[in-house]
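# Examination of the molecular architecture
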Amino acid sequence: MSRESAIDIWRRLEAKGARVRYRPVTRADIEKAETQLKVRLPPSYVELVTTLGAPAVLPRLPPGADPKRAENLDFTVLIPREIVKWTKELRRSLDPDMFEEPESLERVRKQLANAIFFQFGVDAGEGFVFLVDTADASGEMKVADYSHEYIEELDWGPDSAVVFASLAAATANAATQIEDSWDEYCDRPA
């Protein structure tokens, strides 16, 4: 079985007819974000966005929606300055009133302090995060699925079903979701 990289997966989706948009990213953009976050972004992310640009699929937008805004694209891989913005927002967004069980607030805070939000899902309330404390010797990190709707149940422990071994594995998961909604993201049948 061949192992696709995140780059391969995005290229495959585009070749099949998905409306994929790539936003340019420079090494300087990456370095600035890394300084602000005080963490190095994984090499697989850096390779993806400096090779192709930051990919996203363009859904069928309502009239007047700006197709250049990350929030209007689905499965958007964020550009570095957006990673900083959304990671900070994710960490600040916790309100004790959101929790039915207040004792879970501290556990969730700790998990979010370890997370770098780098990709939306179908909307900005869900997506994927890099788990900083999982960085291996090369700098690669595991990726976790995030949903604001289920914030109180957040559990990115070692046995969690929503933790992916790599960016490629998380991208494959996103690709499956895109392909399951093909009519929304493509102008021709799969």
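Residues numbered from 1 in each chain as written. Predicted model: local features only at pLDDT ≥ 70, side-chain atom pairs only at ≥ 80, totals over all residues. Heavy atoms only, no water.

## A look at the packing of aromatic side chains
Going by this rule: Two rings from Phe, Tyr or Trp (for Trp, the six-membered ring) form a pair when their centres are within 6.5 Å of each other. A pair whose planes differ by under 30 degrees is stacked, one over 60 is edge-to-face, and the rest are tilted. A helix here means a DSSP run of H or I that spans at least four residues, while a strand means a run of E at least two residues long, and both kinds are numbered starting from the N terminus. Placement of a charge over a ring requires the Lys NZ or Arg CZ to be within 6 Å of the ring centre, with the centre-to-atom vector within 35 degrees of the ring normal.
Under the definition given, this model contains seven aromatic pairs. Here the aromatic rings of F117 and Y146 are separated by 5.9 Å at their centres, their planes lie at 85 degrees, and the arrangement is edge-to-face. Separated by 29 residues along the polypeptide, F117 in strand β3 (residues 115-120) and Y146 in strand β5 (residues 143-147) bring together distant segments of the chain. What links up through ring pairs into an aromatic cluster is the set W86, F117, F120 and Y146. One cation-aromatic arrangement involves K16 over W182; the distance from NZ or CZ to the ring centre is 5.4 Å.

## Some details on the pattern of salt bridges
The line we're drawing: Salt-bridge detection follows one rule: a side-chain nitrogen of Lys or Arg within 4 Å of a carboxyl oxygen of Asp or Glu. Exposure classes here rest on a 1.4 Å probe applied to the protein chains alone. A residue is buried below 20% of its type maximum, exposed above 50%, and partly exposed in between.
Counted under the stated rule, the structure contains nine salt bridges. Across the pair R40 and E34 runs a salt bridge whose closest N-O atoms are separated by 3.9 Å. On the accessibility criterion, R40 (65% relative accessible area) is exposed. Linking R92 and E89 is a salt bridge whose minimum nitrogen-to-oxygen distance equals 3.4 Å. Taken together, the positions of R92 and E89, both in helix α4 (residues 80-92) and three residues apart, correspond to about one turn of that helix. Classification of R92 as exposed rests on a relative accessible area of 58%. Linked by salt bridges that have partners in common, E4, R12, K16 and E179 make up one network.

## Considering the layout of surface pockets
Empty space left among the atoms is revealed by rolling a probe the size of a water molecule over them. As a reminder, the rule being used: Using a grid of 1 Å spacing that covers the protein atoms alone, one calls a set of points a cavity when a 1.4 Å probe fits there but cannot get out, and a pocket when the set is open and has protein on both sides within 12 Å along at least five of seven lines; lining residues are those with an atom within 4 Å of a point. Grid points are joined across faces, edges and corners, and a volume is the space filled by probe spheres set on the points. Asp, Glu, Lys and Arg are counted as charged, while Ala, Val, Leu, Ile, Met, Phe, Trp, Tyr, Cys and Pro are counted as nonpolar; the rest, among them Gly, fall into the polar class.
Computed from the structure, the largest pocket encloses a volume of approximately 150 Å³. Residue lining of the largest pocket: K110, Q111, N114, L131, D133, T134, K142, W156, G157, P158 and V163, and that is the complete set. Here the residues of the lining of the largest pocket sort into four nonpolar, four polar and three charged.

## Section: a negative patch on the surface
Worth spelling out the cut-off: Think of a patch as exposed residues, more than 30% relative accessible area, with no salt bridge, where like charges cluster within 9 Å and nonpolar side chains (Val, Leu, Ile, Met, Phe, Trp, Tyr) cluster within 5 Å. The Shrake-Rupley method, run with a 1.4 Å probe sphere, supplies the accessible areas, and residue values consider only the shown protein chains as cover. A residue counts as positive if it is Lys or Arg and as negative if it is Asp or Glu; His and the chain ends are not included. Every charge is mapped to an atom, namely NZ of Lys, CZ of Arg, CG of Asp or CD of Glu.
Side chains of E100, E101, E103 and E153 sit close together on the surface and give a patch of like negative charge. As for its position among the elements, E103 is in the loop between α4 and α5 (104-113). On the basis of relative accessible area, E103 is assigned to the exposed category, the value being 60%.

## Examining unusual backbone geometry
A positive phi angle, near 60 degrees, is found at K38, a position not held by glycine. Checked against the element boundaries, K38 lands in the loop between α2 (27-37) and α3 (43-51). Unlike most non-glycine residues, F75 shows phi in positive territory, near 55 degrees. Within the secondary structure, F75 sits in the loop between β2 (54-57) and α4.

## Section: the nonpolar core
Rules: Residues grouped as a nonpolar core are buried Ala, Val, Leu, Ile, Met, Phe, Trp, Tyr and Cys residues, joined through side-chain atoms within 4.5 Å. Residues are treated as being in contact if the distance between any of their heavy atoms lies within 4.5 Å.
Of all hydrophobic cores here, the largest spans 58 residues; its most connected members are W10, Y45, L112, V129, Y146 and W156. For V129, the residues in contact, after removing those within four places along its chain, are L90, A115, I116, F117, F118, K142, V143, A144, Y146 and W156.

## Observations concerning the pairing of β2
What counts here: Strands were regarded as paired on the criterion that DSSP finds at least two bridges between them.
Burial along β2 is two-sided: A54 and A56 facing one way and P55 and V57 facing the other are all buried. Note: strand β1 (residues 20-23) against β2, four bridges, orientation antiparallel. Looking at the pairing, V20 lines up with V57 of β2.

## Observations regarding the side chain of E82
Note on placement: E82 falls in helix α4. Using a relative accessible area of 13% as the deciding quantity, one classes E82 as buried. Setting aside its immediate chain neighbours within four residues, E82 contacts R23 and A70.

## Details of the sheet that holds strand β6 (residues 163-164)
Read from one edge of the open sheet, four strands run β3-β4-β5-β6, paired in antiparallel fashion. Two strands bound the open sheet, and with one partner strand each, they are β3 and β6. Bridge count for β3 against strand β4 (residues 126-131) is five bridges, and the pairing is antiparallel. Looking at the pairing, F117 lines up with V129 of β4.

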